[in-house]
Every structure is written in structure tokens, then in C-alpha cells.
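Residue strings, one per chain:
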Amino acid sequence: MSRGTRGGGAHEDGTHGGGARKDGAHGGGARKDGAHGGGAYGGGARSASRDAAGSAPEGGAPRPHLSHRVPDLGALELLLAVARHGSLGAAAREVGITQPAASSRIRSMERQLGVALVDRSPRGSRLTDAGALVTDWARRIVEAAEAFDAGAQALRGRRDSRLRVAASMTIAEYLLPGWLIALRAERPDTAVSLQAGNSAAVAERLFAGDADVGFVEGLAVPDGLDGVVVAHDRLAVVAAPSHPWARRRAPLDPAELAATPLVLRERGSGTRQVLDAALAAHGGLARPLLELASTTAVKAAAVSGAGPAVLSELAITEELASRRLVAVPVEGVVLRRDLRAVWPAGHRPTGPARDLLSLTRDRP
């Protein structure tokens, strides 16, 4: 091309404002020896000269991002298809776009690189010398992208092969079994481990990275976690049929409930948090009659007649139906709570954990 070509065109010696030189150097592009401004070929990365690569002198404008100088994968795959078929129409069909769209994409890539890539004629489409060189580089980039994608799929497969769930006791015993059975139907190859503990222990496991998702029963989402309500629950005061409360007709008032030693869950459990908060304005809980670390243990103590207890309605359905426990009415205090799925703040669950969340249902 003549030297009279204006800025952005090519000079006789091959220099180009952001374009290509005879030796292949290109503003942010590629050289004949395979070096590429910021790019990598043949497994190694070699920088072109500072000026040819588009680097700014000290104190100058920042160097453009690589993504603005290198065609996207779709364009490179189209160029490879043109090389295989010798026809822009056949290449368009292979990649699933129309011929006009393919032609537009090739022209856009030529403008981006500053060189002609394809000669079009009634007999078909033929790569130019520059197009053949760019196609060789494109093949390596696409192969590297395919290897990248295969590696990413392997990582997802490893992630999806297991699910670690941490849940507070009531959810672990009475809600999660049904959810996990449903998850098993959708993901039969995912191995699930469930760690049950109180709500504070669930938060600790999430912070330590020992669980992918957690379920808690407290009043609010613990600090440092995000969450969503998945169900609702009510706490009930219960007693064995032999206890005097089982025969009373008048409801308990909050002060009487607070002053009575009860069989309770330990501090840190969601049940205890709700009860402590509900009775704080009525003198607070009396010293517990028994303090036990599981819902099953509290229920067994209440059934045996050790004393009245406060338990999730989810946990006492069978005992109430069989009259092994009797629900004691209470007025003037709200013992309702939200059950939540939780995860570390800013890291919403993915893969099997996300699928498990989709299987939970908010209940009135």
C-alpha cells in the first residue's frame, strides 16, 4: 500500500498505526516469530517490543486490555471453519449462524486486526497469507480454550460429586430427610453428608468451610452469613399426662412459664434463643430443670415425667397424637420462628447446594 495512506493505514515498510508490519509485529497483535502482545502460543508467552505491544511509556495512557485487541472465540472458530470448508456459507452453517452474520463477523475481525483474512470470490472463500497465519494461531487458542473448558467441567464435576450440609437439630431430624430424598432423585451420584448440631455450631462449620450450606432455627441470620427463610415453626409447651399442667384449663401466662424450671435445649440452640427472647420481658427463664443437647433427649425427658418442656411442633406430632405428651396452652407470648437456609455472605450456594435450596418450600 502506498506511503500516502492516512493514519491507521499501512506504510511501505509495513508499519501500521496499531496494525501489522512485514515482520509480523502488530500493535497488541502477533509477530511472524509467534510473539503476541499479551498473548500466549505454543504453551509459552512472549511479549512483543514495548511499543509494538501497545504498552504506554511511563506516565502515559494505560495499555488496552487484551480482550479489546484479540478476537473472541466465536470469531476464531468461524475463521477455522472457513479454512476447513473454503466456503463462508458452509462455515456459517457449521457454527450455526447466517452467511450475512458470518461475513459481518469476518469483516469485524479484519478491522480489529488491521489485516485482510479472507479473499471472497464466486468460487468460494480463500484465506490470505495473513489469514493463514492468524488461522494457525487461532487453532492453538481454540485448543487451549477447549482444554480450559474441560478442566472447568472437571472442577464442576468434583464439586457436584458431594454435598456437605450442616443443620440444627430440629431441621436435621424432621425436614432435611424429605428434602434429601428428593435431591437424591435429581442427583443420584451426589454423596451427601449431614452434620447436625445447634444453630451456633452450624454457623461455625460454615465459617470454617466445613459445610456447603446450613440450616438454622434462630431469630435472625447469624452475623457473616446470608440466608433465606425456607419454613416456619412454632414452639409448644408440653408435659406428660401425669403433670399438673396437663390437666389445667386456664392457659399459662408468660410470667408463670418463665418462673418454672423447664427441660430445655442448651444455649446456642435456635429453640433456646427464641424462648429466651420471648420471656426476657417477663423476668427471663428460671434455672433449667434439665439442659440437654438434642431435641430427642428433651422429648424423652418430658415423656418420662421429668418436667414440662418447650419443643418444636415438628418434633412432637406423634407424641401428641398418642397422648404421651399434652400441649399446654400459653397466652401473651409468641413462640413462632423462621427456619432458614444460610451460607457465607456473598457466596450463594451453587451446584447440589443450590438444587437442595430449590427443593425447600416456605410453609405458612
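What comes next concerns the included structure. Keep in mind it's a predicted model, so treat the numbers as computed, not measured. (Residues numbered from 1 in each chain as written. Predicted model: local features only at pLDDT ≥ 70, side-chain atom pairs only at ≥ 80, totals over all residues. Heavy atoms only, no water.)

Within helix α9 (residues 270-279), seven of the 10 residues are buried, which leaves it mostly tucked inside the rest of the structure. When we look at burial in α9, the residues that qualify are Gly270, Thr271, Arg272, Val274, Leu275, Ala278 and Leu279. (Buried < 20%, exposed > 50% of the residue type's maximum accessible area, 1.4 Å probe, protein only. Helix = DSSP H or I, 4+ residues; strand = E, 2+ residues; numbered from the N terminus.)

Turning our eyes to something else, we now look at the packing of helix α1 (residues 73-85) against helix α3 (residues 99-113). Running from N to C, α1 and α3 cross one another at 110°; their axes reach a closest spacing of 10 Å. Overall, the two elements α1 and α3 adopt an arrangement that is roughly perpendicular. Contacts between α1 and α3 involve Gly74, Ala75, Leu76, Leu78 and Leu79 from the first element and Ala102, Arg105, Ile106 and Met109 from the second. (Axes fitted to C-alpha atoms, helices over the stretch in contact; angles between N-to-C directions. Parallel < 35°, antiparallel > 145°, perpendicular 65-115°, else oblique. Contact = heavy atoms within 4.5 Å.)

Attention now goes to empty space enclosed by the protein. Using a probe with the size of a water molecule, rolled over the atoms, empty space left in the structure can be pinpointed. Applying the stated rule across the entire model yields one cavity of 30 Å³ or more. Size it by volume and the largest cavity reaches roughly 30 Å³. What lines the largest cavity is simply Thr170, Arg265, Thr271, Thr295, Val310, Leu311, Ser312 and Arg337. With three residues, the single largest contributor to the lining of the largest cavity is strand β11 (residues 309-312). Of the residues in the lining of the largest cavity, the class split is two nonpolar, four polar and two charged. (1 Å grid on protein atoms, 1.4 Å probe; cavity = no way out; pocket = protein on both sides within 12 Å on 5 of 7 lines; lining within 4 Å. Points joined across faces, edges and corners; volume = space filled by probe spheres on them. Nonpolar A, V, L, I, M, F, W, Y, C, P; charged D, E, K, R; others polar.)

Once that is clear, we can look at a negative patch on the surface. Taken together, the side chains of Asp72, Glu77, Glu143, Glu146 and Asp149 present a region of like negative charge at the surface. Per-element accounting of the negative patch gives the leading share, three residues, to helix α4 (residues 129-160). (Patch = residues over 30% accessible without salt bridge, like charges linked within 9 Å, V, L, I, M, F, W, Y side chains within 5 Å. Areas by Shrake-Rupley, 256 points an atom, 1.4 Å probe, with all protein chains shown as cover. Salt bridge = Lys/Arg side-chain N within 4 Å of Asp/Glu carboxyl O. Lys, Arg positive; Asp, Glu negative; His and termini not counted. Charge placed at Lys NZ, Arg CZ, Asp CG, Glu CD.)

Within the secondary structure layout, threonine 360 lies in the segment after α12 (351-359). Since its relative accessible area comes to 9%, threonine 360 is described here as buried. Within the local environment of threonine 360, its side chain forms a polar contact with the backbone oxygen of leucine 357, the two atoms lying 2.7 Å apart. (Polar contact = N/O pair within 3.5 Å; in protein donor to acceptor, adjacent residues only side chain to side chain.)

A word on unusual backbone geometry. Located in the positive-phi region is arginine 323, a residue other than glycine, with phi close to 65°. Tracing the backbone shows arginine 323 in the loop between α11 (317-321) and β12 (326-328).

A few words on the packing of aromatic side chains. The description of two aromatic rings rests on the distance between their centres and on the angle between their planes. For the structure on display, the rule yields one aromatic pair. Summarising the aromatic geometry, the rings of tryptophan 179 and phenylalanine 215 are spaced 5.5 Å apart at their centres and angled 40° between planes, so their arrangement reads as tilted. A residue pair is termed long-range when its members are at least 10 positions apart, and tryptophan 179 in helix α6 (residues 176-186) and phenylalanine 215 in strand β7 (residues 213-216) qualify at 36 residues. (Phe/Tyr/Trp six-rings, centres within 6.5 Å; stacked < 30°, edge-to-face > 60°.)

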